[in-house]
Amino acid sequence: MNGARLYGRYVGASIRAQMQYPASFLMLATGQFAITFVEFIGLWSLFHRFGQVDGWTIGQVAVFYGAVSISFSIADAISRGFDIFGTTFVKTGTFDRLLLRPRAAALQLLGHELRLNSVGRLLQGALVMAIASNLSAINWNASNIFLLLATVAGGTALFLGIWVLQATLAFWTVESLEIANTLTYGGVEAAQYPLDIYSRYFRDFLIFVVPIGCISYFPVERLLGHPDRMGAPNWMLAASPMVGFIFLAVSLSIWRFGVRHYTSTGS
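Residues numbered from 1 in each chain as written. Predicted model: local features only at pLDDT ≥ 70, side-chain atom pairs only at ≥ 80, totals over all residues. Heavy atoms only, no water.

The helix and strand tally for the protein chain stands at 14 helices and zero strands. Reading the protein chain from its N terminus to its C terminus gives the helix and strand order α-α-α-α-α-α-α-α-α-α-α-α-α-α. Taking 267 residues into account, the globule formula puts the C-alpha radius of gyration at 18 Å, and the protein chain, at 19 Å, falls close to it. When its C-alpha atoms are laid out on the principal axes, the protein chain stretches across 60 × 40 × 35 Å. Looking at the 267 residues of the protein chain, the share that counts as buried comes to 47%. Contacts spanning at least 24 positions in sequence make up 77% of the contacts within the protein chain whose residues lie at least 6 apart. The positive charge centre, built from 17 side chains, and the negative charge centre, built from 13, are 11 Å apart in the protein chain. (Helix = DSSP H or I, 4+ residues; strand = E, 2+ residues; numbered from the N terminus. Rg over C-alpha atoms; globule rule 2.2 N^0.38 Å. Buried < 20%, exposed > 50% of the residue type's maximum accessible area, 1.4 Å probe, protein only. Contact = heavy atoms within 4.5 Å. Lys, Arg positive; Asp, Glu negative; His and termini not counted. Charge placed at Lys NZ, Arg CZ, Asp CG, Glu CD.)

Here a ring pair, both rings aromatic, is described through the centre-centre distance and the interplanar angle of the planes. All chains considered together, the criterion is met by 22 aromatic pairs. For the ring pair phenylalanine 72 and phenylalanine 159, a centre distance of 5.3 Å and an interplane angle of 85 degrees mean the geometry is edge-to-face. With phenylalanine 72 in helix H3 (residues 58–78) and phenylalanine 159 in helix H9 (residues 142–169), this residue pair connects regions lying 87 residues apart in the sequence. In this pair, the class of phenylalanine 72 matches that of phenylalanine 159, namely buried. Taken together, the aromatic side chains of Phe82, Phe85, Phe89, Phe95, Phe171, Trp172, Trp255, Phe257 and Tyr262 make up a single cluster linked through ring pairs. The ring of phenylalanine 50 carries the charged tip of arginine 49 above its face, separated from the ring centre by 5.1 Å. (Phe/Tyr/Trp six-rings, centres within 6.5 Å; stacked < 30°, edge-to-face > 60°. Lys NZ or Arg CZ within 6 Å of the ring centre and 35° of its normal.)

Further remarks concern the nonpolar core. Counting residues in hydrophobic clusters, the biggest one holds 70 residues, and the most contacted among them are Phe82, Phe85, Phe95, Phe159, Ile212 and Trp255. Here the element with the most residues in this core is H3; it accounts for 12 residues. (Core = buried A, V, L, I, M, F, W, Y, C linked by side-chain atoms within 4.5 Å.)

Right, let's talk about the pattern of salt bridges for a bit. For the coordinates displayed, the defined rule picks out five salt bridges. Between aspartate 76 and arginine 115 there is a salt bridge whose closest N-O contact spans 2.6 Å. With a gap of 39 residues between them, aspartate 76 in helix H3 and arginine 115 in the loop between helix H7 (105–110) and helix H8 (119–135) connect regions that are remote in the sequence. Through salt bridges with shared partners, a single network forms among Asp76, Arg80, Asp83, Glu113 and Arg115. (Salt bridge = Lys/Arg side-chain N within 4 Å of Asp/Glu carboxyl O.)

What follows is the structure, given as structure tokens:
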């Protein structure tokens, strides 16, 4: 059985298990939708009070918000195994059992659980994106549709890469959750606004260190037909989602380094 087929079976088993309690799924998904909707109300209130922020309108910023929310919700749904890796697999020694199986540990963690309740955030992000694209008058031609799909895919890869790095830290310290949260949840909050409103040092961090700006700011600027104030060429705006896949590849390389140096629990 190849890796894709095995992952499909993992996903199927996870969905069947969670749908044994449909009421719980509906409540959790509704809760996710409501929480993120309240967050967007806060964003809308800011623009309702001040009109524009550094020349950006609510419709334009909502496109950033929608694209990042969709990417993050997909990554959040598929990364549960990496998210709980330190406390569930390393502390208890369960990771040893995964290493004995004739499949890559990363694939097994990826298929550990598909969090269905993330569909609440996904739907909220899609709704915001639909409204924002109407407010911003985006021309949804073939190239823009492809760019949006690439942006979502690149964002998903980048956030997954951050969780992989969080799991890798657990080989040396299992108290790494809050460090990663500053990059995942904190990164989502930062990427929901245009990068050019931030100070230069923070912009550089979100472009060159943890390149969240490359999977949100630059491609969304291209979608909006907005010239980049920082002087990035148009080809870079369109190609920047690829950075998310590069970041994931680097994260998986670091993960493999951590696996090679894993020494078990010693029990």
